[in-house]
Amino acid sequence: MEKKKKLTTAAGIPYAKHEDSMTVGPRGPILLQDFILHEKMAHFNRERIPERVVHAKGTGAFGKFTVTHDISKYTRAGLFRKVGNECRVFVRFSTVGGEKGSADTERDPRGFAIKFYTEDGNWDLVGNNTPVFFIKDPKKFSDFIHTQKRNPKTNLKDATMFWDFFSLNPETMHQGIVLFSDRGTPYSYRNMNGYGSHTFSMINARNERVWVKYHIKTQQGIKNFTGPEADEMRGKNPDWAQEDFIKAIEGGNFPKWTMKIQVMTEEQAKTFKWNPFDLTKVWPHGDFPLIDVGVMELNQIPENYFRDVEQSAFAPAHVVDGLGYSFDKMLQGRLLSYPDAHRYRLGANYEQIPVNRPITQVNNYERDASMRVDDNGGSSPNYHPNSFDDIVAMPDQKEPPMVLDSNVADWYDRNENDDDHFTQPGMLFEKVMTPQEQQNTINNIVGHMKGICGPKKDEIIQRQLGHFFKTSQKLGEGVAKGLGVTFKG
Ligand code: NDP
């Protein structure tokens with residue numbers, strides 16, 4: 001007979017009864033000394049860790065990334081040293097505003113976070129399925145997200161606060177148009193692109209820097225739900241995207257994406273007509289053509305969701321030598337806030353959790369803290385410099401110095417010389433979208449704006465209509481007509 005495993009307590013002690021508590025007589029009270037009962041109930045009470053404040057609902061998979069084209073003239077990163085180089089990846093897809101049990105087809109951006117386990121340490125590209133974002137200064141992030149979540153009094157989603165924020169912050173227009181197009185309701189995680197969205201940098205072997213945008217293009221083709229289709233699926237199967245993703249991979253139908261980059265030199269950045277570090281703007285393809293880099297395939301669903309997906313922790317701060325940050329204010333805010341969120345949710349040692357652990361050796365002087373589960377540096381020195389170990393800093397990994405165009409610190413108005421919120425969304429609406437896509441976008445906006453209510457209703461609608469008219473006459477007229485209101489100008 002097959003050898004069975006012993007049932008044990010968490011302390012590894014085999015025990016006799018898993019289903020019956022120890023009682024005084026078969027119908028009497030339970031004895032306190034049945035600590036296994038207590039252990040089971042107490043552990044159960046602690047099963048939930050804090051939900052992610054954003055990106056709570058998600059799914060993920062492991063896979064591989066293969067370099068297909070030589071970009072070593074832009075970066076000295078080891079991963080890109082040679083065509084054919086491969087590394088393991090873990091990717092987590094998510095919606096943004098909804099809670100952990102919310103529906104997958106909600107109108108929302110989708111998170112597209114990639115962890116590359118490279119031989120130089122972990123590189124996290126923590127992107128979305130859109131190339132831009134609603135705001136350009138991280139100081140506004142919590143205010144913005146509050147408007148996407150629930151009303152503090154009613155605990156309901158609230159179109160009034162949503163459009164109040166949008167209308168008072170016209171820089172939301174670009175991402176807003178993407179959100180209300182059918183790309184705001186992707187058919188599945190397999191059928192959408194990913195974008196690093198921020199401007200990053202690459203540094204080559206000669207220590208020269210270029211600015212870079214990442215594009216991760218689906219090989220399955222873009223496919224979206226229309227608004228009504230997404231609404232229907234929300235009721236039919238709230239886990240639609242997760243189910244589609246898992247079934248595809250378990251069935252051997254491995255989704256693939258092509259990674260491309262856009263490159264801007266430091267000289268080009270000085271004369272680019274928009275701020276190249278403004279997250280509400282793209283770099284036009286015509287001016288900055290896409291350059292092929294590699295292919296990513298996802299091929300393995302984790303054996304345990306909580307272990308790998310719920311505990312996965314991505315941080316835009318994690319870049320490896322040859323890849324770097326930029327002055328993008330939203331990126332700078334995320335450099336600090338992502339690791340902070342992980343320390344809160346998972347603890348100071350979150351990078352020791354298997355899915356977050358690099359394949360490289362970790363050598364530093366950080367010690368202790370809750371849930372330290374490696375050897376904690378053993379008996380080696382916990383200070384630097386010291387006369388005992390052979391750990392050395394790596395000066396050759398230093399980036400070239402950054403030249404700034406000002407030495408005056410102040411709270412600058414983010415829009416003062418940067419207030420063109422309408423040209424790029426106008427190009428998207430008028431030049432890129434088909435008439436059908438334009439009409440769907442108008443219908444989706446009208447459907448949502450009809451939820452605006454209360455004493456400020458007319459003020460909010462008029463203010464937002466003003467932004468739509470500045471973006472596109474056709475868009476403004478379509479929304480005003482759909483709402484049955486006259487724009488007062
Ligand atoms: P292009 O005509 O070269 O690019 C247009 C791009 O728009 C397409 O390549 C596609 O990007 C994307 N697109 C198509 N439909 C939608 C939609 N419903 N929602 C969002 N994106 C869509 O023009 P430009 O590069 O000059 O850009 C024109 C406008 O296109 C921009 O203002 C921006 O709004 C949008 N766009 C531009 C991107 C860029 O990086 N330049 C990226 C995405 C959108 P993709 O191939 O990535 O799917």
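Residues numbered from 1 in each chain as written. Predicted model: local features only at pLDDT ≥ 70, side-chain atom pairs only at ≥ 80, totals over all residues. Heavy atoms only, no water.

Draft legend 1. Molecular detail of the overall build of the chain. Broken down by element type, the chain carries 13 helices and 10 strands. Taking 489 residues into account, the globule formula puts the C-alpha radius of gyration at 23 Å, and the chain, at 26 Å, falls close to it. Taking the principal axes of its C-alpha atoms as reference, the chain extends roughly 80 × 65 × 50 Å. Here the analysis covers contacts within the chain between residues at least 6 apart in sequence; of these, 72% occur between residues at least 24 apart. (Helix = DSSP H or I, 4+ residues; strand = E, 2+ residues; numbered from the N terminus. Rg over C-alpha atoms; globule rule 2.2 N^0.38 Å. Contact = heavy atoms within 4.5 Å.)

Draft legend 2. Molecular detail of the nonpolar core. Residues Phe65, Phe80, Phe116, Trp123, Tyr214, Met296 and Leu298 are the most contacted members of the largest nonpolar core, which totals 46 residues. Discounting residues that sit within four places of it in the chain, tyrosine 214 has contacts with Trp123, Leu125, Gly194, Tyr195, Gly196, Ser197, Phe200, Met202, Met259, Lys260, Ile261 and Leu323. Core analysis: the second largest hydrophobic core is formed by 36 residues, Val96, Phe144, Phe165 and Leu428 among them. (Core = buried A, V, L, I, M, F, W, Y, C linked by side-chain atoms within 4.5 Å. Buried < 20%, exposed > 50% of the residue type's maximum accessible area, 1.4 Å probe, protein only.)

Draft legend 3. Looking closely at a nonpolar patch on the surface. Side chains of Met22, Val24 and Leu31 sit close together on the surface and give an oily, nonpolar patch of about 240 Å² of accessible area. Here leucine 31 lies in the segment before α1 (35-45). Classification of leucine 31 by relative accessible area gives partly exposed; the value is 30%. (Patch = residues over 30% accessible without salt bridge, like charges linked within 9 Å, V, L, I, M, F, W, Y side chains within 5 Å. Areas by Shrake-Rupley, 256 points an atom, 1.4 Å probe, with all protein chains shown as cover. Salt bridge = Lys/Arg side-chain N within 4 Å of Asp/Glu carboxyl O.)

Draft legend 4. The arrangement of the site of the ligand in detail. If you check the shell around the ligand, you find 18 residues, and the closest are His174, Arg183, Tyr195, Lys217 and His285. With respect to the ligand, the backbone of tryptophan 283 contributes an N or O atom lying 2.9 Å from a nitrogen atom. When the ligand is considered free in solution it has 780 Å² of accessible area, and contact with the protein chains removes 79% of it. Contributing elements (two or more residues each) for the shell around the ligand: α4 (173-180), β7 (209-218) and α10 (423-432). Take the shell around the ligand: its biggest share by element is four residues, from α10. Among the residues forming the shell around the ligand, the class breakdown is nine nonpolar, seven polar and two charged. (Near = heavy atom within 4 Å. Polar contact = N/O pair within 3.5 Å; in protein donor to acceptor, adjacent residues only side chain to side chain. Nonpolar A, V, L, I, M, F, W, Y, C, P; charged D, E, K, R; others polar.)

Draft legend 5. Looking closely at the side chain of serine 326. Secondary-structure assignment places serine 326 in the loop between β10 (323-324) and α9 (329-346). Given a relative accessible area of 1%, serine 326 falls into the buried group. Engagement of the side chain of serine 326 in a polar contact is seen with the backbone nitrogen of aspartate 328, the distance being 3.0 Å. When neighbours within four sequence positions are excluded, serine 326 is seen to be in contact with Thr199, Phe200, Trp211, Phe277, Leu331 and Gln332.

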